[in-house]
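# Architecture and fold: a report
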Amino acid sequence: MSDISAKSRRPAPPKPASIWDYANPTRFLGLANAVLPWLAGAMALAFAAGLWLSFTAPEDYQQGRSVLIMFIHVPAAWLSMMCYSVMALAGLGTLVWRHPLADVSLRAAAPIGAAFTFLALVTGSLWGKPMWGTWWVWDARLTSVLVLFIIYMGIIALARAIEDPLTAARSLAIVTLVGFVNIPIIKFSVDWWNTLHQPASVSRFGRPAMDAAFLHPLLTMALAYTLLFFTLHLMAMRNEILRRRVRSMRMMAAREAS
Amino acid sequence: MMALFARELKLATRVGAGAMTGVLFFLAVVTVVPFAVGPDLNLLARIGPAVLWIGALLASLLGLDRLFQQDREDGSLAILLMSEHPSALIVFVKCLAHWAATGLPLIVAAPIFGLFLNMEAKAIAATVATLAVGTPAITFIGAVGAAVTVTLARGGLIIAILVLPLVLPSLIFGVAASYGAVEDPAPFTQPFIMLTAVTLFLAVLGPLAAGFALKHAID
Amino acid sequence: MMALFARELKLATRVGAGAMTGVLFFLAVVTVVPFAVGPDLNLLARIGPAVLWIGALLASLLGLDRLFQQDREDGSLAILLMSEHPSALIVFVKCLAHWAATGLPLIVAAPIFGLFLNMEAKAIAATVATLAVGTPAITFIGAVGAAVTVTLARGGLIIAILVLPLVLPSLIFGVAASYGAVEDPAPFTQPFIMLTAVTLFLAVLGPLAAGFALKHAID
Amino acid sequence: MQLVAENLAVDRGERRIFEGLSFSVAAGMALVVTGPNGAGKSTLIKAIAGFLTPSAGAIRLDGLTGEARPVREHCHYLAHDNALKSQLTVDENLSFWWQFMGAPRANIEEALERVGLPGIGELPVGYLSAGQKRRVAIARLLLNERPVWLVDEPTSALDKASETRFAELVHEHLDRGGIIVAATHQALGLKDAQSLGMGTPLPNPSPQGGGAHESPTT
Amino acid sequence: MQLVAENLAVDRGERRIFEGLSFSVAAGMALVVTGPNGAGKSTLIKAIAGFLTPSAGAIRLDGLTGEARPVREHCHYLAHDNALKSQLTVDENLSFWWQFMGAPRANIEEALERVGLPGIGELPVGYLSAGQKRRVAIARLLLNERPVWLVDEPTSALDKASETRFAELVHEHLDRGGIIVAATHQALGLKDAQSLGMGTPLPNPSPQGGGAHESPTT
Ligand code: HEM
Ligand SMILES: Nc1ncnc2c1ncn2[C@@H]1O[C@H](COP(=O)(O)OP(=O)(O)OP(=O)(O)O)[C@@H](O)[C@H]1O
Ligand SMILES: Nc1ncnc2c1ncn2[C@@H]1O[C@H](COP(=O)(O)OP(=O)(O)OP(=O)(O)O)[C@@H](O)[C@H]1O
Ligand SMILES: [Mg+2]
Ligand SMILES: [Mg+2]
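All values derive from a computational prediction rather than experimental measurement.

Cut-offs and rules
- Residues numbered from 1 in each chain as written.
- Chains lettered and ligands numbered in written order.
- Predicted model: local features only at pLDDT ≥ 70, side-chain atom pairs only at ≥ 80, totals over all residues.
- Heavy atoms only, no water.
- Helix = DSSP H or I, 4+ residues; strand = E, 2+ residues; numbered from the N terminus.
- Buried < 20%, exposed > 50% of the residue type's maximum accessible area, 1.4 Å probe, protein only.
- Areas by Shrake-Rupley, 256 points an atom, 1.4 Å probe, with all protein chains shown as cover.
- Donors = N, O, S within 2.8 Å, 3.2 Å for Na, K, Ca; no water.
- Pairing = 2+ DSSP bridges.
- Near = heavy atom within 4 Å.
- Polar contact = N/O pair within 3.5 Å; in protein donor to acceptor, adjacent residues only side chain to side chain.
- Axes fitted to C-alpha atoms, helices over the stretch in contact; angles between N-to-C directions.
- Contact = heavy atoms within 4.5 Å.
- Parallel < 35°, antiparallel > 145°, perpendicular 65-115°, else oblique.
- Left-handed = near helix turned anticlockwise from the far one by under 90°.
- Nonpolar A, V, L, I, M, F, W, Y, C, P; charged D, E, K, R; others polar.
- Salt bridge = Lys/Arg side-chain N within 4 Å of Asp/Glu carboxyl O.
- pLDDT = per-residue confidence, 0-100.
- Buried area = accessible area lost by both parts, 1.4 Å probe.
- Phe/Tyr/Trp six-rings, centres within 6.5 Å; stacked < 30°, edge-to-face > 60°.
- Patch = residues over 30% accessible without salt bridge, like charges linked within 9 Å, V, L, I, M, F, W, Y side chains within 5 Å.
- Core = buried A, V, L, I, M, F, W, Y, C linked by side-chain atoms within 4.5 Å.

Below, the discussion takes up the overall build of chain A. Check the secondary structure of chain A and you find seven helices and zero strands. The burial tally for chain A puts 54% of its 258 residues in the buried class. In the form shown here, chain A has an accessible surface area of approximately 12200 Å², with 69% of it arising from carbon and sulfur atoms.

As structure tokens, then:
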């Protein structure tokens, strides 16, 4: 990203005038370094509280101890969707404002989102074994999460495939946005699909009326997950920026020699 | 634009194989399913529309990666994009030609394969109708994949990955409508209309997104 | 020759994170099928081997057509063929690399996808075994198609007509053997041996024919 | 009519190729861009053709009547590639471009004659030699009316006779009030042309010091 | 060692491109093939490289010790295309050819230096300009030992400095006892070279009358 290296050499104006000034990668790095310890600390606290609440939560009369999985599973599922929204926003940023950081953000978020999605899939399927007696059913919700996972992985594959970050940025943004249009469609169409021909074998799946005893640990865990996401995302963005600098410096060195 | 359509069609049929590869792959899919399902003719007939749809969907993926790549390599793409014609229109016309060369033969072949699968005439007719309305969507959304991977030497698999999740709605409505035509409680018209709507939507979205992506593919 | 293998592998993996792409594509195909046939687990388990085989076939076909084309377009093919290495060996190595980059990961991933399709352990094992033995044949015969396409810029039809019918036996034996492992009257060993024989035969015939075709591809 | 570049800077990959580049070419004039390999000649042409977005500065076509359209729509572009399909015949190739580009000027037979390849129309392009392909690509420029020609090493692979013939075509285009921007290593035999010498590209991405230096000779 | 062609005739498509062509090039000598576009220069080179089978006559490499191997195995071939993969870096491209071709002579760093591109190895080939790519392709010839170089318009896209550098490499190769056959439109700056002028190809497919006429000057 030429803008990154080029802009970074511009003498910095005395004061950041607006939020947009943080868009300057160098200043962004500074900000990220300053914020990260706090964010990580808050995340650790939230996880400690969340885990403690979870383990002291009463056993569910129906599900027994396996209700614990819920506190891992449900926030992961939520985050998998939130992360995609962040990526779609970043995609807009790339296409509309042509902002170099937007692309960095999109690229950095994709593997994290994929990881959360994977976690939701695995924990869900671990939960499914005791609850439904099978690892996997082609239920609407499960399937749509699987499709989301495929979309994530497609984006990652594309990001890896295109060498030039500039070309990749636009391609990724376009694919992410087109994929986003599809996400509600997947959700709905999967419902149509299911109602059309499925004699539901998964009738027990549904929203259990949630007791506060479960709700509090769940919400705390959700907060912890969100903080985890932002921590990881910031770190990944920082790495991505540094990686691009290394790359462009190596190219420069190679060229200067000639 | 007619010139572009004619050229694309000429290229597709002259370099050939496009249409035939698709049809033969389709045939391969239809041939193996009975082996897997066993000799249960009723079951075979029941999953017939699904088999035809999956076959057509997968067959459409073959050759999609070449949609823009050749034009880029020989320098035509640059000149196409410099013209006063909007890039989305260029993509749209190329998609139409690609579909005419690869999708249309599938639709023509589908009734015969339907017979292999022991489907009733009504089911065959309904499936062919849904295929005719639904398969262009695959090309339109495939164009986005092709545009985005145009700089890659072997983009075929990536395109397929990007495309498959996005064509699920078409697949669902297509199969649902085909069933609707034979099974009684299930409706035909409603999913068919949805299918048409999806195709129309993608006919706009796909070329726009692909055209946008292509603009930055020349360097 | 090791250098060629390494280069091919590098090209295949660099362009699109090779192994992962194939597996993802496979996953996408496996996911698409239930959308068409419906979430009936018994039916899915029955057509499981066919789904896995069709997915593997398509994954091998996508991208095969460019096996030699890129080398020809950038002039590498001429120089490869001028060397003292026999052309059949060059083709063989390129096929191996292609299979290692696209076929092998599929085989590793197949068991997991078998679980998705609710297949029994025995059926999964059998399918994986048939895939391991059978998929190289697709690459070898596909190479002939790729070589012929390279030669016949205007040849048309021939690849499709040549390749898919030759692949069809592998597909049918493979699915039949997988099926034989679980269903009682159907045999496993016999189709499996046939499958192996087909692969071995094509491993010799394919590179020879492709190498021969390529010799005339430079002009 | 006048093609104007003002304070142009273009980046590629991670690097600034040139910056602070300004020139203007009036109707009937040619701009010959020279410089060593990697200097940024093709980059400049691509920027004018609209494929690379300048990081700074702008390119305009002044003094045109009618509604404003992007510069690229007024241009013919002859790149390193010939934009020909080897499976199609020469006629099929050219007649496609002729129809597609609009504003027809010459017919195909005439154009082929002008590049010294009369009666070659029936042959598939794949059957032609390197220089013959290049000449067919040049014939494309004659088919449709475009005031600006952007040509990148137009005479590569051409024999001496064809080079002379190309110079004639260029002069004719200029006499009709056209503009030509040519990147080249070879003398194109143009009698009066502005020349733009590009140096080696900027060594580092910091926007200090000019990389390209115009020498506005006539 | 001596490269000999005897009474050579080559057909392409349905047409005889040349016939009755004979020449011999001794070790340390260059043969420069000239002629207008479509004369058959590339065709001749391809025939020597073994891609086109002569319809009459033969091509031999005389005076070699050891087991007889086809002529092509003693040749380096630099075609119009550069035989480089744009996705791989310069180093990766060259090291592949270095390993694949056998008989290593120079290492990659040296070869790149000889073509004036030291330290460029890390860059993907796709990032290079047309002339830089051509020079990397020329560097390939230096990596492995091959007595005969077949080069087809080697200096296309090269700037003046690189042309001079290429002439040096050619002289060096000749001094080491090599043979060069070059098809070209441009003076390669070779001091003493045989030249073979090819006329326009035979007008009709019937094999009558000589199309190519050798002018064995030195
Ligand atoms: C692989 C299997 C599974 C996947 C992919 C999955 C996916 C999801 C997703 C995406 C959500 C968020 C839905 C939303 O908020 O809109 C969710 C929530 C939830 N899941 Fe799962 N799930 C799986 C298995 C299970 C199992 C086996 C159970 C327990 C029987 C379960 C219980 C829940 C509960 C209680 C919620 C919270 C619902 C709410 O209040 O929003 N899930 N799951
Ligand atoms: N796709 C690309 N990505 C990144 N950098 C590139 C790309 N193409 C070219 N470059 C770099 O830009 C610089 C200018 O390239 P350009 O092709 O404009 O040179 P040129 O003057 O046309 O040279 P030549 O005479 O060799 O054609 C070169 O140093 C090259 O390495
Ligand atoms: N693939 C082919 N099939 C049939 N004929 C061909 C083919 N390639 C070239 N020819 C014909 O053979 C003749 C000689 O072509 P060749 O490429 O050898 O010319 P050349 O001397 O190299 O010309 P140039 O200077 O343009 O490179 C030409 O008339 C051309 O039309
Ligand atoms: Mg250039
Ligand atoms: Mg030639």
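Additional details are given in the paragraphs that follow.
A word on the coordination of the iron atom of ligand 1. Donation to the iron atom of ligand 1 from the protein comes from one atom only, His73(A) (NE2), at 2.1 Å. Residue position: His73(A) is located in helix α3 (residues 68-97).

Turning to unusual backbone geometry, a few remarks are in order. Backbone geometry places Asn118(B), a non-glycine residue, at a positive phi of 65°. By secondary structure assignment, the location of Asn118(B) is in the loop between α6 (87-116) and α7 (121-148). In this structure Asn118(B) comes out as partly exposed when scored by relative accessible area, which is 34%. The backbone phi angle of Glu153(D) is positive, close to 45°, even though this residue is not glycine. Following the sequence through the fold, Glu153(D) ends up in the loop between β6 (148-152) and α5 (160-175).

Along any regular strand, the residues point their side chains to alternate faces of the sheet. Residue and element names in this part refer to chain D. Within strand β3 (residues 30-34), four of the five residues are buried, leaving the element largely enclosed by the surrounding structure. Where β3 meets strand β7 (residues 179-183), four bridges bridge the pair, whose relative direction is parallel. In the sheet register, Val-32 faces β7, and the bridge partner there is Ala-182. Both β3 and strand β8 (residues 194-197) contribute to a ladder of four bridges, which runs parallel. Considered in β8, the bridge of Thr-34 is made with Gly-197.

What follows concerns the site of ligand 2. In the vicinity of ligand 2, 22 residues are found, and the nearest of them are Ser42(D), Thr43(D), Tyr127(E), Ser129(E) and Gly131(E). Nearby residues around ligand 2 are contributed by chains A, B, D and E. A distance of 2.7 Å is found between an oxygen atom of ligand 2 and a backbone nitrogen or oxygen belonging to Lys41(D). Starting from 630 Å² of accessible surface for ligand 2 in isolation, the protein chains cover 96%.

Before going further, it helps to examine the sheet that holds β8(D). Residues and elements named next belong to chain D. Here five strands make up an open sheet; going across it, the order is β5-β6-β7-β3-β8 and the pairing parallel. Looking at which strands have only one partner, the edges of the open sheet turn out to be β5 (75-78) and β8. Each neighbouring strand pair of the sheet contributes to a mean axis angle of 15°, computed without reference to strand direction. Across five bridges, β6 lies against β7 in parallel orientation. Residue pairing in the sheet places Trp-149 in a bridge with Ile-180 of β7. The strands that helix α1 (residues 41-48) touches are β3, β5, β6, β7 and β8; relative to β7, the one it contacts most, it runs at about 145°. In this fold α5 packs onto β3, β6 and β7, with an angle of close to 145° to the strand it touches most, β7.

The next point concerns helix α4 (residues 66-73) of chain B. All of the buried residues in α4(B) are Arg66(B), Leu67(B), Phe68(B), Gln69(B) and Asp71(B). On its buried face, α4(B) sits against α1 (2-14), α5 (76-82), α6, α7 and α9 (189-215) of chain B together with α4 (69-73) of chain C. Gly75(B) sits one or two residues past α4(B) and shows a positive phi near 85°.

This brings us to the packing of α3(A) against helix α4 (residues 100-132) of chain A. All names here are of chain A. Packing of α3 against α4 leaves a shortest axis separation of 8 Å and a crossing angle of 155°. Taken together, α3 and α4 sit at an angle that is classed as roughly antiparallel. The element α3 and its partner α4 pack so that their crossing is left-handed. Residues belonging to the contact of α3 with α4 are distributed by class as follows: 18 nonpolar, 10 polar and one charged.

Time to look at the pattern of salt bridges. Evaluation of the coordinates by the stated rule reveals 35 salt bridges over all chains. Across the pair Lys85(D) and Asp71(B) runs a salt bridge whose closest N-O atoms are separated by 2.6 Å. Taken together, the residues span two chains, with Lys85(D) in the loop between β5 and α2 (90-101) and Asp71(B) in helix α4. For the pair shown, Lys85(D) and Asp71(B) are each scored as buried. Salt-bridge contacts for Glu19(E) lead to Arg16(E); the nearest nitrogen and oxygen are separated by 2.9 Å.

It is worth spelling out the confidence of the model for chain D at this point. Do not read the predicted coordinates in detail wherever pLDDT is low. Residue and element names in this part refer to chain D. Confidence in the prediction of chain D, expressed as mean pLDDT, is 87, and 91% of residues score 70 or more. This stretch, residues 203-218, has a pLDDT under 50; its non-local contacts, to residues over four places away or in other chains, come to 37 contacts. Predicted as a complex, the structure gets a pTM of 0.89 and an ipTM equal to 0.87.

The accessible area lost on association of the parts is a frequent measure of interface size. Taken together, the contacts link 46 residues of chain C with 44 residues of chain B. Note on chain C versus chain B: buried area summed over both sides is about 4300 Å², and carbon and sulfur give 76% of it. Connecting chain C to chain B are zero salt bridges. Run the count over chain C and chain B and you get one residue pair in polar contact (both at pLDDT 80 or more). In terms of residues, the side of chain C that touches chain B owes the most to one element, helix α2 (residues 18-37) of chain C, which gives 11 residues. Residue composition of the side of chain C that touches chain B, by class: 32 nonpolar, seven polar and seven charged.

All names here are of chain A. Counted according to the given criterion, the structure contains 25 aromatic pairs over all chains. Ring centres 6.1 Å apart and planes at 5° place the aromatic pair Tyr-84 and Phe-180 in the stacked group. Here the residue Tyr-84 occupies a position in helix α3, and Phe-180 occupies one in helix α6 (residues 165-197), the gap between them amounting to 96 residues. We classify Tyr-84 as buried; its relative accessible area is 0%. Seen in terms of ring centroids, Trp-136 and Trp-138 are 5.7 Å apart; in terms of plane orientation they differ by 85°. Their pairing is edge-to-face. In this structure, Trp-136 and Trp-138 share a single accessibility class: buried.

Moving on, we come to a nonpolar patch on the surface. Residue and element names in this part refer to chain A. The grouping of Trp-78, Met-81, Leu-215 and Leu-219 at the surface amounts to a nonpolar patch, some 360 Å² of accessible area in total. Sorting the residues of the nonpolar patch by element identifies α3 and α7 (212-257) as the ones contributing at least two each. Looking at where Leu-215 falls in the secondary structure, it is placed in helix α7. Accessibility expressed as a relative area gives 33% for Leu-215, which makes it partly exposed.

Quick look at the nonpolar core now. With 279 residues, the main nonpolar core has Phe25(B), Phe25(C), Leu3(D), Phe23(D), Leu3(E) and Phe23(E) as its most contacted residues. Sequence-distant contacts of Leu3(E), defined by excluding residues within four places in its chain, comprise Phe23(E), Ser24(E), Val25(E), Ile48(E), Ile59(E), Arg60(E), Leu61(E), Val71(E), Ile179(E) and Val181(E). In terms of nonpolar packing, the next biggest core, distinct from the first, is built from 35 residues, Ala30(E), Trp149(E), Leu169(E) and Ile180(E) among them.

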